[in-house]
Structure formats: structure tokens, C-alpha cells
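Fold and geometry: a report
Below, each chain spelled out in residue letters.
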Amino acid sequence: MTSGSLFHSTYQTTIAGSVTCSGIGVHTGQTVNLTLHPAEADTGIQFVRLDVPEDKSVVRAFYLDVTDTMLGTTITNEYGVSVSTIEHLMAALWGMGVDNAVVTLSGPEVPIMDGSSEPFVFLIECAGVRQLSAHRDTLEVLKKVSVQDGSSTASIRPFDGFALDITIEFPHAAIPRQRAVYDFSRHTFRHALSRARTFGFAKDVEMLRSRGLARGGSLDNAVVIGDDGILNEGGLRYNDEFIRHKALDCVGDYFLTGMRLRGMVTANRPGHGMNNKLLRALLADRSAWRLVTRAFVQPALAAQHAPVPAANFSL
Ligand SMILES: [Zn+2]
């Protein structure tokens, strides 16, 4: 069965076989090996650090475990073991309809690859996606929830499907103020968003490097904007690549409930911090959502909040 047909599946899915890639971590600049493994139903997406003791190595992809959102989304387990820059991989897993997978990593961050989700989409496609026998839960938004952080705002409201309505605004002529709406019953993640690369300003690179960050960042894995425009020789992949990448980031971050959302996110100047803040506000309001498993409504999210035992999957 193709992965495309499983995006709207009412059953949970996983990948059909293990697949590996390697690339550099954008922050450390070091090579990281990543392998996606199939996992059983209700595992969700779990990261396993192969460079730390086994009993402390599992880091679950869950919104309550997000500990840093400065330059990407970082998750940390109860032992202080972190995985950084998970969002482009999370977006690819969501977009390809994958609910369950174990992701082993040889280091502390997901490789940046080309700065987009496309290499991960390709990897998942190579593995294939298969259906499991357990039903898939959907997190249905029942009422509007809003958050604000300075001039950034975000809200989520009831909607039949999942959609993003995003506005971006940067103090730079190379990035015009833009608004875009992506409704994933009409747009596919793969075609609309997966190739959009992360971006940054040349003037910020020195500052980041002086703080020991972005050591692996280059024109090979980001669109870099200088004073006179875009520095990448090939230019942009989409005319509006910046807003598409912001949408891609939202897709990855909003998959951190471990479920597919039914709702519409409206965000002005979204970022990883705002995305996480909105998810926390939504889930904290018990009257704002419910879990739907086909026709059944589940009583509580309590089970999803409990740590998943490491023995729940096989490597
Ligand atoms: Zn990104």
C-alpha cells in the first residue's frame, strides 16, 4: 500500500522496514547517523540516542518534553538526554502518514540534510508505510484557543481537517510580508511544503557561531539572506519558500501531541516557541479538545501523558 493512501487512514501506521541516512548536525557540525525503524501501535515517534547508556536513551517526541525552541525544537527526557532539530523529520513523518517509528541517532541532533523535509520524505518512501491493526486517534479541537508572545500570535479553532493560515513578517526586503493557507485535504505536504528549506540571515551567522551554535550551517542546508538578497547560487526552490518553510515547521511542531490534529491553526509570525505554547494551552484546557477514534470518543488523554516504557518497541 502506498504511503499517500495512508495519510487519511483510520488505522495507525508505521514504516515497512528500517532505513538509514547520515548527515551533519546543524549545531554541532558533526556527522550523525539516523535510522528509522518500524514500531508497534501506540509507540508514537520515539528517539533513541545510541551514544548514551541504554536505560537513559529514549526521548519521546511529545509537546510536554519540549525544552528549547530557540533555533529549532529540542526534546529532553527525565535524565536530561536531549534530541535537537526534530521538526523537519517530524513534519515528514506526519506528511507521509507515519504514526509510529523509532528513530535511532548516533548523536544529539537530527541531521539537517538540505534544510528541508525532502530527504526524510524520500527515506520514508524508500522504507514504505504499512498499516497496523489499531485504530488511529485524532485530536479534535472543540473551541478556539489563542496565545500571544510579543507581536506573535497563534490560535487554533475547530475545522474539519487540518489547516494552517500563516502570516510572516521580517524586517528585510528579501522577505515580503506574506500570508498563506494550507488545507491538507487539498494540499499534500509533499508537494506544497516538503522541499522548502530553513533560512537565516548572514549577519546572524557570526553571532550564532560565537555562541557555539550553527557550526554545521551552510549554503548547503539553508537559504542564507545577505544585505543584497539571497546568497545561494540556485536561488529559491519556491517563490514563497520562506512561508512554506514556516508552515513545514508548524506541521512538525503540531505533530508533537503524538496524534493528528483536527483543527485550523492561524498564526502571525509563528515560531517553535509559539507552536509549543499553543499546544500546551490547547491541551491544558480540557474543554477545548477530545480524542476521536473513528466513532468512539476516548475519555482522557491521561494515558498519552504517561511515559512510554522503552520495552514497548524492538530495535
Ligand atoms: Zn525549520
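For every chain, the first residue of the written sequence is number 1, and numbering continues from 1 along that sequence. Confidence filtering applies because this is a predicted model: local features only for residues at pLDDT of at least 70, side-chain atom pairs given and counted only at 80 or more, and all residues used for totals across whole chains, interfaces and linings. Hydrogen atoms and water are omitted, and side-chain values are computed over all heavy atoms in the structure.

Note on donors: an N, O or S atom is included if it sits within 2.8 Å of the metal, or within 3.2 Å for Na, K and Ca, and water is never included, so sites can look incomplete. Coordination of the zinc ion by the protein involves His88 (NE2), His245 (NE2), Asp249 (OD) and Asp249 (OD), with metal-donor separations of 2.0 to 2.7 Å. Key to geometry: four donors with every angle between 85 and 135 degrees are tetrahedral; four donors are square planar and six octahedral where opposite donors lie over 155 degrees apart and all remaining angles lie between 65 and 115; all other sites are irregular. Given four donor atoms and angles of 53 to 152 degrees at the metal, the environment of the zinc ion is assigned as irregular. Of note, the donors binding the zinc ion are all from one chain and are spaced H-x156-H-x3-D. With His88 in helix H1 (residues 87-95) and Asp249 in helix H5 (residues 241-253), the pair connects residues that are 161 residues apart, well separated along the chain. For every residue, the accessible area (1.4 Å probe, protein chains only) is compared with the maximum for its type, and the residue is labelled buried under 20%, exposed over 50%, or partly exposed between those bounds. In this structure Asp249 comes out as buried when scored by relative accessible area, which is 7%. Starting at the N terminus, helices and strands are each numbered in turn, a helix being any DSSP run of H or I of at least four residues and a strand any DSSP run of E of at least two.

Moving on, we get to the confidence of the model for the protein chain. Predicted confidence across the protein chain gives a mean pLDDT of 90, with 91% of residues reaching 70 or more. A low-confidence stretch, residues 295-300 (pLDDT under 50), is modelled with 10 contacts involving residues beyond four sequence positions or located in other chains. On a range of 0 to 100, pLDDT expresses the predictor's confidence in each residue. Any two residues whose heavy atoms approach within 4.5 Å are treated as being in contact. Counting interchain partners and residues more than four positions distant, the pLDDT-below-50 stretch residues 302-315 has 24 contacts.

Here the focus is helix H2 (residues 118-127). When we look at burial in H2, the residues that qualify are Phe120, Val121, Leu123, Ile124 and Ala127. Down the axis, H2 shows its buried residues gathered within 160 degrees of arc, on one side only. For H2, the secondary structure elements touched by its buried residues are strand S1 (11-15), strand S2 (19-24), strand S3 (31-37), H1, strand S10 (129-135) and helix H3 (189-192). Of the residues flanking the end of H2, it is Gly128, one or two places downstream, whose phi is positive at about 85 degrees. Throughout, the arc means that of the directions going from the helix axis to the C-beta atoms.

Moving on, we get to the pairing of strand S17 (residues 223-226). The side chains of a regular strand alternate, residue by residue, between the two faces of the sheet. Residues Val223 and Ile225 of S17 are buried on one face, and the alternating residues Val224 and Gly226, pointing to the opposite face, are buried as well. Crossovers are described as right-handed under a simple rule: with the strands pointing away from the observer, the path leading from the first strand over the helix to the second runs clockwise. The parallel pair strand S16 (residues 199-201) and S17 is bridged by helix H4 (residues 202-210), and the resulting crossover is right-handed. With two bridges connecting them, S17 and strand S18 (residues 229-230) associate as antiparallel partners. If you follow Gly226 over to S18, its bridge partner there is Gly229. A pair of strands is labelled paired if DSSP reports no fewer than 2 bridges between them.

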